Amino acid sequence: QVQVVESGGGLVQAGGSLRLSCAASGSFLRINTMGWYRQAPGNQREMVATITRDSITNYADSVKGRFTISRDNAKNTVYLQMNSLNLEDTAVYYCSADVRRTVIDTIKYWGRGTQVTVSS
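Now for a look at the structure at hand. (Residues numbered from 1 in each chain as written. Predicted model: local features only at pLDDT ≥ 70, side-chain atom pairs only at ≥ 80, totals over all residues. Heavy atoms only, no water.)

**A short note on the overall build of the protein**
Alright, step 1. Across its full length, the protein holds zero helices and eleven strands.
Alright, step 2. The C-alpha radius of gyration of the protein comes to 14 Å, within 12% of the 14 Å expected for a compact globule of 120 residues.
Alright, step 3. Based on the C-alpha atoms only, the size of the protein along its principal axes is roughly 50 × 25 × 25 Å.
Alright, step 4. In the protein, which comprises 120 residues, the proportion classed as buried is 43%.
Alright, step 5. Once local pairs closer than 6 in sequence are excluded, the contacts in the protein between residues at least 24 apart make up 53%.
Alright, step 6. Counting every atom, the protein has about 6500 Å² of accessible surface; 46% of that belongs to carbon and sulfur. (Helix = DSSP H or I, 4+ residues; strand = E, 2+ residues; numbered from the N terminus. Rg over C-alpha atoms; globule rule 2.2 N^0.38 Å. Buried < 20%, exposed > 50% of the residue type's maximum accessible area, 1.4 Å probe, protein only. Contact = heavy atoms within 4.5 Å. Areas by Shrake-Rupley, 256 points an atom, 1.4 Å probe, with all protein chains shown as cover.)

Rendered as structure tokens:
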């Protein structure tokens with residue numbers, strides 16, 4: 001069984017910062033790419049940032065220069081530092097983890113999400 005759990009969401013004023021964390025636990029060989037996605041009301045889920053096991057990163061254009069994704073492989077944890085938040089960043093943020101459970105079996109797991117609300 002694999003669990004992916006996010007933390008760190010909340011309410012912040014525009015221009016402020018938040019740091020999200022996500023930890024994966026359970027029985028597996030290793031975790032490959034981890035990522036953050038978000039979904040605002042009425043919108044589809046969109047990629048925010050991803051990071052490979054070797055720390056190669058990819059960002060949505062809307063967050064480049066403001067958000068930073070990082071990870072700690074020893075802790076199976078990924079972080080998202082969000083700065084200069086604006087109203088459009090309000091969404092439920094989901095963590096994903098590509099979990100290699102066996103030598104031939106890799107599955108993407110999702111967390112339940114954490115709410116980020118930016119107020120004016």
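Picking up after the structure, the text goes on.
**Describing the packing of aromatic side chains**
Alright, step 1. As enumerated under the stated definition, the model contains one aromatic pair in all.
Alright, step 2. Both rings, one in Y37 and one in W110, keep their centres 4.9 Å apart while their planes meet at 65°; by these two values the pair is edge-to-face. You can see Y37 sitting in strand β4 (residues 30-39) and its partner W110 sitting in strand β10 (residues 105-110), a full 73 residues away along the chain.
Alright, step 3. Judged by relative accessible area, Y37 falls into the buried class, the value being 16%.
Alright, step 4. Take W110: its relative accessible area is 35%, and that puts it in the partly exposed class.
Alright, step 5. Here R19 stacks its cationic end above the ring of Y79, 4.1 Å away from the centre of that ring. (Phe/Tyr/Trp six-rings, centres within 6.5 Å; stacked < 30°, edge-to-face > 60°. Lys NZ or Arg CZ within 6 Å of the ring centre and 35° of its normal.)

**Here's the deal with the side chain of R66**
Alright, step 1. In this fold, R66 is placed in the loop between β6 (57-59) and β7 (67-72).
Alright, step 2. Reaching out from R66, the side chain makes a polar contact with the backbone oxygen of S84 at a distance of 2.9 Å.
Alright, step 3. The residues contacting R66, other than those within four sequence positions of it, are Q81, M82, N83, S84, L85, N86 and D89. (Polar contact = N/O pair within 3.5 Å; in protein donor to acceptor, adjacent residues only side chain to side chain.)

**So, the nonpolar core**
Alright, step 1. Formed by 32 residues in total, the largest nonpolar core has its most connected members in W36, L80, M82 and Y93.
Alright, step 2. Listed by contribution, the elements that provide at least two residues to this core are β1 (2-7), β3 (18-26), β4, β5 (46-51), β7, β8 (77-82), β9 (91-102) and β11 (114-119).
Alright, step 3. Among the elements that take part in this core, β9 stands out by supplying five residues, more than any other.
Alright, step 4. Excluding residues that lie within four positions of it along the chain, M82 makes contacts with G16, S17, L18, L20, R66, F67, Y93 and V116. (Core = buried A, V, L, I, M, F, W, Y, C linked by side-chain atoms within 4.5 Å.)

**Overview of the state of the cysteines**
Alright, step 1. For the structure shown, the criterion picks out one disulfide.
Alright, step 2. Here C22 pairs with C95 through a disulfide, and the sulfurs are 2.0 Å apart. Taking the sign of the torsion about the S-S bond as the criterion, the disulfide between C22 and C95, at about -80°, is left-handed. Residue C22 is found in strand β3, and its partner C95 is found in strand β9; the two are separated by 73 residues along the sequence.
Alright, step 3. You can call C95 buried: its relative accessible area is 0%. (Disulfide = S-S within 2.5 Å.)

**Here we look at the sheet that holds β1**
Alright, step 1. With antiparallel pairing, the four strands of this open sheet are ordered in space as β1-β3-β8-β7. At either end of the open sheet lies a strand with only one pairing partner, and these are β1 and β7. Strand-to-strand twist of the sheet, defined as the mean angle between neighbouring strand axes without regard to direction, takes the value 15°.
Alright, step 2. Of the pairings in the sheet, the one linking β1 to β3 comprises six bridges and is antiparallel in character. Paired with Q3 across the two strands is S25, which belongs to β3. (Pairing = 2+ DSSP bridges. Axes fitted to C-alpha atoms, helices over the stretch in contact; angles between N-to-C directions.)

Worth remembering: the numbers are spatial, not functional.
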